[in-house]
Amino acid sequence: MSTDSNGPITTPFNAGSTAAEVIAGIDLTGRRSVVTGGSSGIGVETARALAGAGAEVTLAVRDVGAGERTAEDIGATTGNERVLVAPVDLADLRSVAAFTDAWEGPLDILINNAGVMYTPELRTPEGWELQFATNHLGHFALATGLHPALAAADRARIVALSSVGHLRQAVDFDDIDQRRRPFDTRLAYGQSKTANVLFAVEATRRWAGDGITANAVHPGAVLSNLTRHMSQDELDKAIASGYTFKTPEQGAATSVLLATWPGLEGIGGRYFEDCQEARLHREGDTGGVAAHALDPVAAERLWQVSLDMLASAARAA
């Protein structure tokens, strides 16, 4: 691994690496983990890799039935019986609070994997735009609610799944819920994915003293439930343009790398793609990380705005 101060961190892995390859030789016996959205897509393979290395894995899912079927499958393929299921609806703060209130003991790994993409204009009961509410606020409430458990662990890690879509839109603090302009689902999605990176930046700044680090990842494009709001024409165009889709096992690799790889101990507040720390995005690039997503001022502001939004919802409840 390279940690040259003049360049991004590099690892021996790449876009074609799988979660199993990344975690090979790592022993997670005695470690406890939570994977949101762990019953579909790359969440399944993320959870499978952690369980295969000996970790206790809790699948935090909306559909408990699907979660139980996934847990049974992971248990059968890994021999690990400590694959648990708990209900969590990230768009429902009461559901998130019920999960965090019920959690007991330390938590070593939190993978904020669940998400929605390109939804029509939908809002939570609080009036929040659904993608921002689910992808950012729900995970923010989950992480802050689990902070004592993360602090009680030995060098806990948080992984926040972002997307190349973050390049499209910084957080618009004057119109987070897109009420002052025509609704654009891609900009709303992009904003929520920028928020995921900013969360990792500020969580590391605030919680590094508690031994907690957080990083953001772009897993790559995987055909899964996440793409259900994309039309077939959009998918066909993406494929025709030469866009490479990963398998779920490959899509899970960067998350698993950030969650477990010993060489990344103490590393936080960064954005990774294809198992490497991303370079700053430049005009014409297809990837990289936008400067607006690493802005420490925006990260601190988003944290306070998020706290205020949750507090306002709590008062109204």
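As a reminder, the structure under discussion sits directly above these lines.
This write-up is about the structure you can find in this document. In this text the structure is predicted, and so the values were computed from the model without any measurement.

**Notes on the overall build of the chain**
Of the regular secondary structure elements, the chain holds 12 helices and 8 strands. A compact globule built from 317 residues should have a C-alpha radius of gyration of about 20 Å, and the chain, at 18 Å, falls within 12% of that. Projected onto its principal axes, the C-alpha positions of the chain cover 50 × 45 × 40 Å. Within the chain, the proportion of its 317 residues that are buried is 55%. In the chain, the proportion of contacts linking residues at least 24 apart, taken out of those at least 6 apart, comes to 77%. Counting only carbon and sulfur atoms, one obtains 50% of the accessible surface of the chain, whose full area is about 13,500 Å². For the chain, the distance from the average site of its 26 positive side-chain charges to the average site of its 39 negative ones is 3 Å.

**What to know about the layout of surface pockets**
If you add up the space inside the second largest pocket, you get close to 450 Å³. In terms of lining, the second largest pocket is formed by 24 residues, of which the most central are His218, Glu273, Asp274, Thr286 and Gly287.

**Regarding the side chain of Thr204**
The residue Thr204 is located in helix H7 (residues 185–207) in this model. Beyond its immediate chain neighbours, meaning those up to four positions away, Thr204 contacts Ile212, Thr213, Ala214, Gly268 and Gly269.

**Re the nonpolar core**
Core analysis: the largest hydrophobic core is formed by 52 residues, its most contacted members being Phe99 and Leu110. Looking at this core, the elements with two or more residues in it are helix H4 (93–102), helix H5 (130–145), helix H6 (147–152), strand S5 (157–161), H7, strand S6 (213–218) and helix H12 (296–316). Those residues within four positions of Phe99 in sequence are excluded, and the remaining contacts are Val34, Thr58, Ala60, Ala86, Pro87, Val88, Leu142 and Leu146. Counting residues in each nonpolar core, the second largest holds 38 residues, with Ile23, Ala47, Ala51 and Val57 among its members.

**Brief notes about the pattern of salt bridges**
All chains considered together, the criterion is met by 17 salt bridges. Of the charged contacts in the structure, one is a salt bridge between Arg155 and Glu265, with a shortest N-O distance of 3.2 Å. In this pair, Arg155 sits in the loop between H6 and S5 while Glu265 sits in the loop between helix H10 (253–260) and strand S7 (271–273), placing the two residues 110 residues apart along the sequence. Classification of Glu265 as partly exposed rests on a relative accessible area of 39%. One salt bridge in this structure joins Arg157 and Glu265, with 3.4 Å as the shortest N-O distance. In this pair, Arg157 is assigned in strand S5 and Glu265 in the loop between H10 and S7, connecting sequence segments 108 residues apart.

**Overview of the sheet that holds S5**
In space, the 8 strands of this open sheet follow the order S3-S2-S1-S4-S5-S6-S7-S8, with mixed pairing throughout. The strands lining the two open edges of the sheet, one partner per strand, are strand S3 (83–87) and strand S8 (276–277). Bridging between S6 and S7 involves 3 bridges; their strand directions are parallel. Following the sheet pairing, His218 is matched in S7 by Glu273. Running at roughly 170 degrees to strand S4 (residues 109–112), H5 makes contact with strand S1 (32–36) and S4 of the sheet. Contacts from H10 reach S4, S5, S6 and S7, with the element oriented near 160 degrees to S5.

**Here's the deal with the packing of helix H2 (residues 41–52) against helix H3 (residues 64–78)**
Two numbers describe how H2 lies on H3: the axes approach to 10 Å, and their chain directions differ by 40 degrees. On the basis of their axis angle, the class for H2 and H3 is oblique. Crossing hand, H2 versus H3: right-handed. Contacts from Val44, Ala47, Arg48, Ala51 and Gly52 in H2 reach Thr70, Asp73, Ile74, Thr77 and Thr78 in H3.

**Here we look at H5**
Along H5, the sharpest change in direction is near 30 degrees and occurs at Leu137. Within H5, 14 of the 16 residues are buried, which leaves the element mostly enclosed by the surrounding structure. Capping the start of H5, Glu129 holds a side-chain oxygen 3.0 Å from the backbone nitrogen of Gln131, two or three residues further along.

**Examining unusual backbone geometry**
Working note: non-glycine residues mostly have negative phi, and peptide bonds are mostly trans. Unlike most non-glycine residues, Arg155 shows phi in positive territory, near 60 degrees. By relative accessible area, which is 42% here, Arg155 ends up partly exposed. In this structure, Gln178 takes a positive phi of about 50 degrees despite not being glycine. Relative to the helices and strands, Gln178 resides in the loop between S5 and H7. The exposure class assigned to Gln178 is buried, which follows from its relative accessible area of 3%.

Definitions and limits used
- All residue numbers refer to position in the chain's written sequence, counted from 1.
- Confidence filtering applies because this is a predicted model: local features only for residues at pLDDT of at least 70, side-chain atom pairs given and counted only at 80 or more, and all residues used for totals across whole chains, interfaces and linings.
- Computation of side-chain values covers all heavy atoms of the structure but excludes hydrogens and water.
- Helix and strand labels come from DSSP, where a helix needs a run of H or I of at least four residues and a strand needs a run of E of at least two; each type is numbered from the N terminus.
- We compute the radius of gyration over the C-alpha atoms and compare it with the globule rule, which gives 2.2 Å times the number of residues raised to the power 0.38.
- The rule is simple: take the accessible area with a 1.4 Å probe, protein chains only, and divide by the maximum for that residue type; under 20% is buried, over 50% is exposed, in between is partly exposed.
- Whether two residues are in contact is decided by their heavy atoms: any pair within 4.5 Å suffices.
- In these tables, accessible area is a Shrake-Rupley quantity obtained with a 1.4 Å probe, and a residue counts as shielded only by the protein chains included in the view.
- Think of it this way: Lys and Arg go in the positive column, Asp and Glu in the negative one, and His and the chain ends go nowhere.
- Where a charge lies is defined by one atom per residue type, namely NZ (Lys), CZ (Arg), CG (Asp) and CD (Glu).
- Buriedness for pockets is judged along seven lines, at least five of which must meet protein on both sides within 12 Å for an open set on the 1 Å grid over protein atoms alone, while cavities are sets there where a 1.4 Å probe fits but cannot get out, and lining residues have an atom within 4 Å of a point.
- Grid points are joined across faces, edges and corners, and a volume is the space filled by probe spheres set on the points.
- For the purposes of this section, nonpolar cores are sets of buried Ala, Val, Leu, Ile, Met, Phe, Trp, Tyr and Cys residues that join through side-chain atoms within 4.5 Å.
- Criterion for a salt bridge: a side-chain nitrogen of Lys or Arg within 4 Å of a carboxyl oxygen of Asp or Glu.
- Any two strands between which DSSP finds at least two bridges are classified as paired.
- Working convention: axes come from line fits to C-alpha atoms, limited for helices to the stretch in contact. Angles between N-to-C directions cover 0 to 180 degrees.
- Here the angle decides the label: under 35 degrees means roughly parallel, over 145 means roughly antiparallel, 65 to 115 means roughly perpendicular, and every other value means oblique.
- Left-handed describes a crossing whose near helix is turned anticlockwise from the far helix through less than a right angle; right-handed describes the clockwise counterpart.
- Bending is quantified residue by residue as the angle between axes fitted to the seven-residue window ending at that residue and the seven-residue window starting at it.
- Polar contact is defined as a pair of N or O atoms within 3.5 Å, subject to the rule that within protein one atom must be able to donate a hydrogen and the other to accept it, and that residues adjacent in sequence are counted only when both atoms are side-chain atoms.

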